[in-house]
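Results of the structural survey
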Amino acid sequence: MASSIDYTSPSTQFAFDINKSTLFKKDHRNFINVLGVKQLNTLDDVSLLDIYLSADNIIEPHYHQNAAELIYCISGAVTVSILNPFTKQLLHYPLTPGQVANVPQGWWHYEVATVDDTHLLAIFNAPTPEVILGSDLLKLTPPNILSQTYCINENEWNEAISSVKPNTFIGSYSDCSKETQQISPQYLYSQYHCSQCALHSQQTPYAYQNWHY
C-alpha cells in the first residue's frame, strides 16, 4: 500500500518530544503523555501512550473502538484486567518490567498499579487511538434509561454516581473520601433491585461516546 506522506515537504516531522504532549495529569506522579499522528505527522498506523502511575492508581475501565493495545511494563508493576467478551471471563495479568499484555480491539479493560513509580508504554495499531471511558458511560447514559432497563431506583443511581467525573482517566480522585471508596458493588446491587427483576440487577450499563486522544 503506497504511503500518502509527502517526505519532501518541509513540514514533515521525523522526531518529537513526547514529554511536551500531556494527555492527562492527575499529579506529578500520575499522568499520561500521548504520541499520535497529530503530534508526529509521519506516523503510519501506530501511536502510543506513555503512562506513569503510583501504587493503587487505576487507568479507569475503558475500551478502544479503533485499535488493539499492547501494554509494556517499563518499570514498577501493574495488573492489567481484561473482560473477554466471548467467554464472559475477567482476566488478570500482573506485569513487571519486560512483560506485556495484549488487549484486542474493542475489549473492556483497566490497569491497576501495584507499586510506586510504575511506568507503562501502551502501543496502538492506529495513528490516533480512540477511547470510550467508563466515567463517560456512567455520566452520559440517561438515568431514566438505566432505571427502566435494569430496575434501578433513579434517585439512588444519581446519588451513587454523583462523584463520578467525565474524563477521569486516572482514579481515584485526589479528593476521594474513604466513605466513597468503601462502597462495594455488592452493596450497590443490593440497593438497586426490584422484586420482579432481581435476576437482572447484575447487568452493566453501556452507552456510546467517542473520544479522541
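Residues numbered from 1 in each chain as written. Predicted model: local features only at pLDDT ≥ 70, side-chain atom pairs only at ≥ 80, totals over all residues. Heavy atoms only, no water.

A few points about the packing of aromatic side chains
Inspection of every chain in the model, using the stated rule, returns five aromatic pairs. The interplanar angle of 20 degrees and the centroid separation of 4.7 Å between the aromatic rings of Phe31 and Tyr52 together place this pair among those described as stacked. Linking Phe31 in strand β2 (residues 30-35) with Tyr52 in strand β3 (residues 47-53), this pair joins segments that are 21 residues apart in sequence. For the cation-ring pair, Lys165 lies above Tyr173, with the distance from its terminal atom to the ring centre recorded as 4.5 Å. (Phe/Tyr/Trp six-rings, centres within 6.5 Å; stacked < 30°, edge-to-face > 60°. Helix = DSSP H or I, 4+ residues; strand = E, 2+ residues; numbered from the N terminus. Lys NZ or Arg CZ within 6 Å of the ring centre and 35° of its normal.)

Some details on the sheet that holds β2
Taken in spatial order, the six strands make up an open sheet running β1-β2-β3-β10-β5-β8, and their pairing is antiparallel. Of all the strands in the sheet, the pair left with one neighbour each is β1 (22-27) and β8 (100-103). This sheet shows a mean twist of 15 degrees between the axes of neighbouring strands, independent of strand direction. Bridge count for β2 against β3 is five bridges, and the pairing is antiparallel. (Pairing = 2+ DSSP bridges. Axes fitted to C-alpha atoms, helices over the stretch in contact; angles between N-to-C directions.)

Observations regarding unusual backbone geometry
Cis geometry is adopted by the peptide bond preceding Ser172, which originates at Gly171 and carries an omega value of 0 degrees. Within the element layout of this structure, Ser172 appears in the loop between β12 (170-171) and α4 (178-181). Located in the positive-phi region is Lys88, a residue other than glycine, with phi close to 65 degrees. On the secondary structure map, Lys88 appears in the loop between β6 (78-84) and β7 (89-95). Positive phi, close to 60 degrees, is recorded for Phe169, a residue that is not glycine. Mapped onto the elements of the fold, Phe169 is located in the loop between α3 (154-160) and β12.

Quick word on the environment of Glu60
Residue placement: Glu60 occurs in strand β4 (residues 58-63). Relative accessible area serves as the criterion here: at 7%, Glu60 is assigned to the buried category. Residues Glu60 and Ser135 lie 75 residues apart in sequence; the distance between their C-alpha atoms is 7.7 Å. Look past the residues within four positions of Glu60 in its chain and what remains in contact with it is His109, Tyr110, Leu133, Gly134, Ser135, Asn167, Thr168 and Phe169. At 2.8 Å, the side chain of Glu60 forms a polar contact with the backbone nitrogen of Ser135. Within the structure, the side chain of Glu60 is placed 3.2 Å from the backbone nitrogen of Thr168, a separation counted as a polar contact. (Buried < 20%, exposed > 50% of the residue type's maximum accessible area, 1.4 Å probe, protein only. Contact = heavy atoms within 4.5 Å. Polar contact = N/O pair within 3.5 Å; in protein donor to acceptor, adjacent residues only side chain to side chain.)

Considerations on the pairing of strand β10 (residues 118-124)
The buried fraction of β10 amounts to five of the seven residues, a majority that puts the element mostly inside the structure. As paired strands, β3 and β10 are joined by seven bridges and run antiparallel to one another. The partner of Ser47 across the bridge, within β10, is Phe124. When strand β5 (residues 69-75) meets β10, the two strands line up antiparallel, connected through six bridges. Each residue of the ladder has a partner; that of Tyr72, found in β10, is Leu121.

A closer look at the pattern of salt bridges
Scanning the model with the defined rule gives two salt bridges in all. Note that Asp116 is salt-bridged to Arg29, the shortest N-O span being 3.2 Å. Linking Asp116 in the loop between β9 (109-113) and β10 with Arg29 in the loop between β1 and β2, this pair joins segments that are 87 residues apart in sequence. The exposure class assigned to Asp116 is partly exposed, which follows from its relative accessible area of 39%. Overall, the relative accessible area of 33% leaves Arg29 in the partly exposed class. A salt bridge links Lys165 to Asp175; the shortest N-O distance between them is 3.6 Å. On the criterion of sequence distance, the pair formed by Lys165 in the loop between α3 and β12 and Asp175 in the loop between β12 and α4 is long-range, its members being 10 residues apart. Since its relative accessible area comes to 56%, Asp175 is described here as exposed. (Salt bridge = Lys/Arg side-chain N within 4 Å of Asp/Glu carboxyl O.)

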